[in-house]
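The residues making up each chain are set out below.
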Amino acid sequence: MKPIDEKHIAEPGLVVLDITGRDEDTVRAVMTALEERWATSGIGPVRRDPGEPGVRARIYADVLRPGRDCP
């Protein structure tokens with residue numbers, strides 16, 4: 001994954017979350033839950049790093065704006 005610097009999150013409320021889980025279903029469930037709570041970049045690709053256990057994904061979220069299922 002690309003490194004993150006201050007330019008990527010220049011506005012208050014914007015966060016970058018790197019998610020690591022045991023399997024793809026778990027990571028996708030976490031991304032879905034985040035998408036319901038906050039405005040996010042959506043469910044992204046899940047990656048496996050050779051020699052590393054589990055899978056990873058990155059999601060961008062705006063914690064100041066509600067997600068798709070929040071009023």
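Conventions we followed
Residues numbered from 1 in each chain as written. Predicted model: local features only at pLDDT ≥ 70, side-chain atom pairs only at ≥ 80, totals over all residues. Heavy atoms only, no water. Helix = DSSP H or I, 4+ residues; strand = E, 2+ residues; numbered from the N terminus. Contact = heavy atoms within 4.5 Å. Areas by Shrake-Rupley, 256 points an atom, 1.4 Å probe, with all protein chains shown as cover. Core = buried A, V, L, I, M, F, W, Y, C linked by side-chain atoms within 4.5 Å. Buried < 20%, exposed > 50% of the residue type's maximum accessible area, 1.4 Å probe, protein only.

Per an unreviewed UniProt entry, the protein chain is named DUF6207 family protein, and its organism is Streptomyces sp. R33.

Asks: An account of the overall build of the protein chain is requested, with residue identities and associated values reported.
Replies: A tally of helices and strands in the protein chain yields one helix and three strands. Element order for the protein chain, N to C, with α for helix and β for strand: β-α-β-β. For the protein chain, the share of sequence-separated contacts (at least 6 apart) that also reach a separation of at least 24 residues comes to 58%. Surface accessibility of the protein chain: about 5100 Å² in total, with carbon and sulfur atoms responsible for 52%.

Asks: Tell me about the nonpolar core, and name the residues and values.
Replies: Core analysis: the biggest nonpolar cluster contains eight residues, these being Ile19, Val27, Met31, Leu34, Val46, Val55, Ala57 and Ile59. At the level of elements, α1 (24–37) and β3 (55–66) are the ones that each hand at least two residues to this core. Excluding residues within four positions of it along the chain, Ile59 makes contact with Val15, Val16, Leu17, Ile19, Met31, Leu34, Thr40, Ser41 and Gly42.

Asks: Before we move on, can you summarise the environment of Leu64 with the specific residues and values?
Replies: Within the secondary structure layout, Leu64 lies in strand β3. Between the alpha carbons of Leu64 and Leu14 there is a distance of 7.9 Å; along the sequence they are 50 residues apart. Dropping the residues within four chain positions of it, Leu64 is found in contact with Pro12 and Gly13.

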